[in-house]
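Secondary and tertiary structure notes
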Amino acid sequence: MNPESVLSAMPGAAPVPGLASAWRWSPNPMFTFTAALSTDGRHNLQVNVRGPYDEALVTALLAHARAHDDTFVEQRRPLVAIGGFHHDGTEFDTVGVAAAAEVHGYHAAENPELSAVTYAVFPAYASEISGSENEEEAWGRFRKMLQPNKLDRAEVPFGKMRYDNTRTQSMSKGDARGFAPLDTLVRELELLDDAPGSFVEWENRHGAVWRVDSTGDGLELTHDATQEPVSPGQLQAVARTSVQ
């Protein structure tokens, strides 16, 4: 498998200015694909963009990924965060990498050999990736939550939660915490007031856990083996701070 010969021959492929061994092509007006060889020349680092394309940002993402590709190439981690990223005009502070073909699916149908050596690179935030995601979790984050092919997307912090609300009769399934958007966590916390017997429990990317219980006397927050009363007005700030 020679990624260079395959990538440079993509229909309409053109070299990327300012980035060696990199090519850009557009299969249709909606999508723009940009690929760069890894340091060893045997792997493909690729950014897929849907919608508005920013060449400078994409070039910076690939350059940062290549400079740190020893942290993910052939490391068998399905989802990786490379910190220390900065690009003027954006809030992104991390380069994300979907490092398993089973997660990103790039080229899977038309060229499985290329897919197997491809790493999906995308703009990210430090709050979004733990680095300990298993393949199923990485697939869900990459395919359903993060919108990795949008260069103007909002931050989607890593957060797992479970809950049970006696007043709304809404609850999560099973005993395990599952991924949920921050807005969902905030909404369920707000619904705890005046719902005795209810709780919300959540986990951030570091594995730290918080829990709020609604008792007959108010709300009680548990974290780091300590318990303290908390007011309904404090909960949104607690949730947003916890997942950063």
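Since we're looking at a predicted model, the values are computed, not measured.

1. A few points about the pattern of salt bridges
As enumerated under the stated definition, the model contains twelve salt bridges in all. Residue glutamate 201 is joined to arginine 211 by a salt bridge in which the shortest nitrogen-to-oxygen separation is 3.6 Å. Of this pair, glutamate 201 sits in strand β11 (residues 199–203) while arginine 211 sits in strand β12 (residues 209–215), placing them ten residues apart in sequence. You can call glutamate 201 buried: its relative accessible area is 11%. Arginine 211 gets classed as partly exposed once you look at its relative accessible area, which sits at 23%. Salt-bridge contacts for aspartate 213 lead to arginine 211; the nearest nitrogen and oxygen are separated by 2.9 Å. By relative accessible area, which is 18% here, aspartate 213 ends up buried. Because the salt bridges share partners, they merge into one network encompassing Arg162, Arg177, Glu201, Glu203, Arg211 and Asp213.

2. Examining empty space enclosed by the protein
Under the defined criterion, the tally for this structure stands at one cavity of 30 Å³ or more. Approximately 50 Å³ is the volume attributed to the largest cavity. Looking at the largest cavity, the residues that line it are Pro157, Phe158, Gly159, Lys160, Met161, Ala180, Pro181, Leu182, Leu185, Trp202 and Val243. Of all elements in the fold, only β8 (160–165) and α6 (182–190) reach the threshold of two or more residues within the lining of the largest cavity. In terms of residue class, the lining of the largest cavity is made up of nine nonpolar, one polar and one charged.

3. Concerning the side chain of histidine 104
Relative to the elements of secondary structure, histidine 104 occurs in helix α3 (residues 101–104). A polar side-chain atom of histidine 104 sits 2.8 Å from the main-chain amide nitrogen of tyrosine 106. Of the polar contacts made by the side chain of histidine 104, one reaches the backbone oxygen of threonine 118; its length is 2.8 Å. Apart from the residues lying within four places of it in its own chain, the contact partners of histidine 104 are Ala98, Ser115, Thr118, Tyr119, Ala120, Phe142 and Arg143.

4. So, the packing of α6 against helix α7 (residues 235–242)
The geometry of α6 relative to α7 is characterised by a closest axis approach of 9 Å and an angle of 150 degrees between their N-to-C directions. Between α6 and α7, the angle is such that the two are roughly antiparallel. At the point where α6 passes α7, the crossing takes the right-handed sense. Mapping the contact onto sequence places Leu182, Asp183, Leu185, Val186, Leu189 and Glu190 in α6 and Leu235, Gln236, Ala239 and Arg240 in α7. Of the residues that constitute the contact of α6 with α7, the class distribution is six nonpolar, one polar and three charged.

5. Here we look at α7
Every buried residue of α7 is listed here: Leu235, Ala239 and Ser242. Down the axis of α7, the buried side of the element spans an arc of 75 degrees, and every buried residue falls inside it. Buried residues in α7 make contact with α6, β11, β12, β13 (218–223) and β14 (226–230).

6. Here's the deal with the packing of aromatic side chains
How two aromatic rings sit relative to each other is set out by the distance from centre to centre and by the angle between their planes. One pass over the full model with this rule turns up eight aromatic pairs. Taken together, a centroid distance of 5.6 Å and an interplanar angle of 65 degrees make the contact between phenylalanine 122 and phenylalanine 142 edge-to-face. Here phenylalanine 122, found in strand β7 (residues 118–124), pairs with phenylalanine 142, found in helix α5 (residues 135–145); they are 20 residues apart in sequence, far enough to count as distant. Take phenylalanine 122 and phenylalanine 142: they sit in the same class, and that class is buried. Here phenylalanine 158 and phenylalanine 179 contribute two aromatic rings whose centre-to-centre distance is 5.0 Å and whose plane-to-plane angle is 85 degrees, an arrangement assigned as edge-to-face. Of this pair, phenylalanine 158 sits in the loop between α5 and β8 while phenylalanine 179 sits in strand β10 (residues 178–179), placing them 21 residues apart in sequence. Each residue in the set Trp25, Phe31 and Phe33 is aromatic and connected to the rest through ring pairs, giving one cluster. The ring of phenylalanine 179 carries the charged tip of lysine 160 above its face, separated from the ring centre by 5.2 Å. For arginine 211, the ring lying beneath its charged end belongs to phenylalanine 199, and the centroid distance is 4.0 Å.

The rules behind the values
Residues numbered from 1 in each chain as written. Predicted model: local features only at pLDDT ≥ 70, side-chain atom pairs only at ≥ 80, totals over all residues. Heavy atoms only, no water. Salt bridge = Lys/Arg side-chain N within 4 Å of Asp/Glu carboxyl O. Helix = DSSP H or I, 4+ residues; strand = E, 2+ residues; numbered from the N terminus. Buried < 20%, exposed > 50% of the residue type's maximum accessible area, 1.4 Å probe, protein only. 1 Å grid on protein atoms, 1.4 Å probe; cavity = no way out; pocket = protein on both sides within 12 Å on 5 of 7 lines; lining within 4 Å. Points joined across faces, edges and corners; volume = space filled by probe spheres on them. Nonpolar A, V, L, I, M, F, W, Y, C, P; charged D, E, K, R; others polar. Polar contact = N/O pair within 3.5 Å; in protein donor to acceptor, adjacent residues only side chain to side chain. Contact = heavy atoms within 4.5 Å. Axes fitted to C-alpha atoms, helices over the stretch in contact; angles between N-to-C directions. Parallel < 35°, antiparallel > 145°, perpendicular 65-115°, else oblique. Left-handed = near helix turned anticlockwise from the far one by under 90°. Arc of directions from axis to C-beta. Phe/Tyr/Trp six-rings, centres within 6.5 Å; stacked < 30°, edge-to-face > 60°. Lys NZ or Arg CZ within 6 Å of the ring centre and 35° of its normal.

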